[in-house]
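Coordinate analysis (summary)
If you want the building blocks of each chain, they are given just below.
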Amino acid sequence: MSSSLHEESTILTQTTVALVTCDLGIMLEITGGASATALAFIFPAACYLHLADLGPRWYSRGRLPALFCVAFGVTVLAISLFLTLGKVWTPDGAARICV
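Let us look at the structure shown here.

Basis of the calculations
Residues numbered from 1 in each chain as written. Predicted model: local features only at pLDDT ≥ 70, side-chain atom pairs only at ≥ 80, totals over all residues. Heavy atoms only, no water. Helix = DSSP H or I, 4+ residues; strand = E, 2+ residues; numbered from the N terminus. Buried < 20%, exposed > 50% of the residue type's maximum accessible area, 1.4 Å probe, protein only. Polar contact = N/O pair within 3.5 Å; in protein donor to acceptor, adjacent residues only side chain to side chain. Contact = heavy atoms within 4.5 Å. Axes fitted to C-alpha atoms, helices over the stretch in contact; angles between N-to-C directions. Parallel < 35°, antiparallel > 145°, perpendicular 65-115°, else oblique. Nonpolar A, V, L, I, M, F, W, Y, C, P; charged D, E, K, R; others polar.

**Description of the environment of Thr84**
Mapped onto the elements of the fold, Thr84 is located in helix H3 (residues 64-88). Overall, the relative accessible area of 4% leaves Thr84 in the buried class. It is 9.1 Å that separates the C-alpha atoms of Thr84 and Met27, two residues lying 57 residues apart in sequence.

Dropping the structure here:
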């Protein structure tokens with residue numbers, strides 16, 4: 001019973017946001033930038049670091065490329081979020097509401 005109520009409230013909330021908001025571009029940019037960066041750079045390198053048996057040292061020859069890839073991914077993620085949120089706080093990114 002409670003899961004059904006939870007599903008109905010989630011669908012109602014999503015429908016309300018979709019009907020009231022004209023421009024979901026900023027939300028799509030944040031979601032796309034974060035997920036693409038995580039899927040392309042962070043997750044594969046983190047899985048490699050976790051699954052490969054490369055010894056105890058973090059600076060070993062086998063770990064450094066993966067660590068650089070994770071660091072690059074985190075940097076790109078931060079830049080992407082910074083640029084997207086910067087667009088939100090300018091007059092060009094002002095939210096428009098369709099009523």
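Anyway, onward from the coordinates.
**Some words on the side chain of Thr84**
Looking at Thr84, its side chain comes within polar contact range of the main-chain oxygen of Ser80, at 2.9 Å. Excluding residues within four positions of it along the chain, Thr84 makes contact with Ile26, Glu29 and Ile30.

**A closer look at the packing of helix H2 (residues 25-51) against H3**
Where H2 contacts H3, the two axes come as close as 8 Å, and the packing angle between them is 175 degrees. Classified by the angle between their axes, H2 and H3 sit roughly antiparallel to one another. Its residues placed into classes, the contact of H2 with H3 shows 20 nonpolar, 5 polar and 2 charged.

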